[in-house]
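The chain contents come next:
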Amino acid sequence: MTLFEKIAAREIPARIVHETDELFAFHDVNPQAPVHVLIVPKRVIPRIAEAGAADAELLGKMLLAAREIAQKLGVAESGYRLVINSGRDAGESVPHLHLHLLGGRPLAWPPG
């Protein structure tokens, strides 16, 4: 089981802010911004590079959940960033697709 599967199964505690039958979102334990939430599909897709056409609806639901969570956490109007890391060089640390929602402060560009 991945770390995220264990969180979904409530084997590891997390501050969950959103959940549906297909995905859940929780505050990152090592936040890089005042708001740093991970949006994770319950079905394991190792990384975006391995997603296929059959995953399109779920990927769209992740983006729509991000919009809803940003509103709930008060960063929708000021702005927020969505990030998906794919592979070691991108900083991927858990082989389970997830979307970072970062906000609550000005974010520099380019990142990293």
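Structural data are supplied above this passage.
For every chain, the first residue of its written sequence is number 1, and the numbers climb from 1 along that sequence. Only residues with pLDDT of 70 or above have their local features reported here, since the model is predicted, and side-chain atom pairs are shown and tallied only from 80 upward, although totals for entire chains, interfaces and linings are computed over all residues. By convention in this description, side-chain values take in all heavy atoms of the structure and omit both hydrogens and water.

### Examining helix α2 (residues 56–72)
Put simply, DSSP H or I for four residues or longer makes a helix, DSSP E for two residues or longer makes a strand, and each gets a number counted from the N terminus. Expected helix span is taken as 1.5 Å per residue step, with the number of steps being one fewer than the number of residues. With 17 residues, α2 extends 25 Å from end C-alpha to end C-alpha; this agrees with the ideal 24 Å at 1.5 Å per step. Per-residue accessibility, obtained with a 1.4 Å probe over protein chains only, is compared with the maximum for each type, and a residue is labelled buried under 20%, exposed over 50%, and partly exposed between these values. All buried positions along α2 are accounted for by Leu58, Met62, Ala65, Ala66, Ile69 and Ala70. Considered in projection along α2, the buried side chains sweep an arc of 135° and stay on one side of the axis. Exposed positions of α2 whose direction lies more than 90 degrees from the buried face are Glu57 and Gln71. Just downstream of α2 lies Gly74, where phi reads positive at about 80°. Directions are taken from the helix axis to each C-beta atom, and the arc is the one they span.

### Considerations on the pattern of salt bridges
One side-chain nitrogen of Lys or Arg within 4 Å of one carboxyl oxygen of Asp or Glu is enough to make a salt bridge. This structure, assessed with the given rule, holds 7 salt bridges. For Glu50, the salt bridge identified is with Arg47, shortest N-O distance 2.6 Å. Two residues, Arg47 and Glu92, come together in a salt bridge whose shortest N-O distance is 2.7 Å. Note that Arg47 is positioned in the loop between β3 (35–41) and α2 and Glu92 in the loop between β4 (80–83) and β5 (99–103), a separation of 45 residues in sequence. Taking the relative accessible area as the measure of exposure, Arg47 reaches 22% and is therefore partly exposed. Of the residues examined, Glu92 reaches a relative accessible area of 16% and is grouped as buried. Here the salt bridges do not stand alone but share partners, grouping Arg10, Glu19 and Lys42 into one network.

### Notes on the nonpolar core
Membership of the largest hydrophobic core comes to 17 residues, with the highest contact counts inside it found for Ala25, Val37, Ile39, Met62, Ile69 and Leu101. Secondary structure elements with two or more residues in this core: β2 (23–27), β3, α2 and β5. The greatest single-element share of this core, amounting to 6 residues, is contributed by α2. Contacts are assigned to residue pairs that have any heavy atoms within 4.5 Å of one another. Among all residues touching Met62, those that are not within four sequence positions of it are Leu23, Ile39, Pro41, Leu97, His98 and Leu99. Counting 7 residues, the second-largest nonpolar core is a separate cluster that includes Ile7, Phe24, Leu38 and Val40. Residues grouped as a nonpolar core are buried Ala, Val, Leu, Ile, Met, Phe, Trp, Tyr and Cys residues, joined through side-chain atoms within 4.5 Å.

### Overview of the side chain of His36
Following the sequence through the fold, His36 ends up in strand β3. A polar contact of 2.7 Å, which involves the side chain of His36, links it to the side chain of His100. Dropping the residues within four chain positions of it, His36 is found in contact with Phe26, His27, Asp28, Asn30, Pro31, His100, Leu101 and Leu102. Two N or O atoms form a polar contact when they lie within 3.5 Å of each other; inside protein one atom must be a possible hydrogen donor and the other a possible acceptor, and for residues adjacent in sequence the pair counts only when both atoms belong to side chains.

### Re the pairing of β2
Regular strands have side chains that alternate between both faces of the sheet. In terms of burial, β2 is a largely internal element, 5 of the 5 residues being buried. A two-sided burial pattern is seen for β2, the buried positions comprising Leu23, Ala25 and His27 on one face and Phe24 and Phe26 on the other. Relative to β2, strand β1 (residues 16–19) runs antiparallel, the two sharing 3 bridges. Considered in β2, the bridge of His18 is made with Ala25. Taken together, β1 and the strand that follows it, β2, pair antiparallel across an intervening segment of 3 residues. Strand pairing follows a simple DSSP-based rule, namely that at least 2 bridges must link the two strands. Sheet topology places β2 next to β3; 5 bridges connect them, and they run antiparallel.

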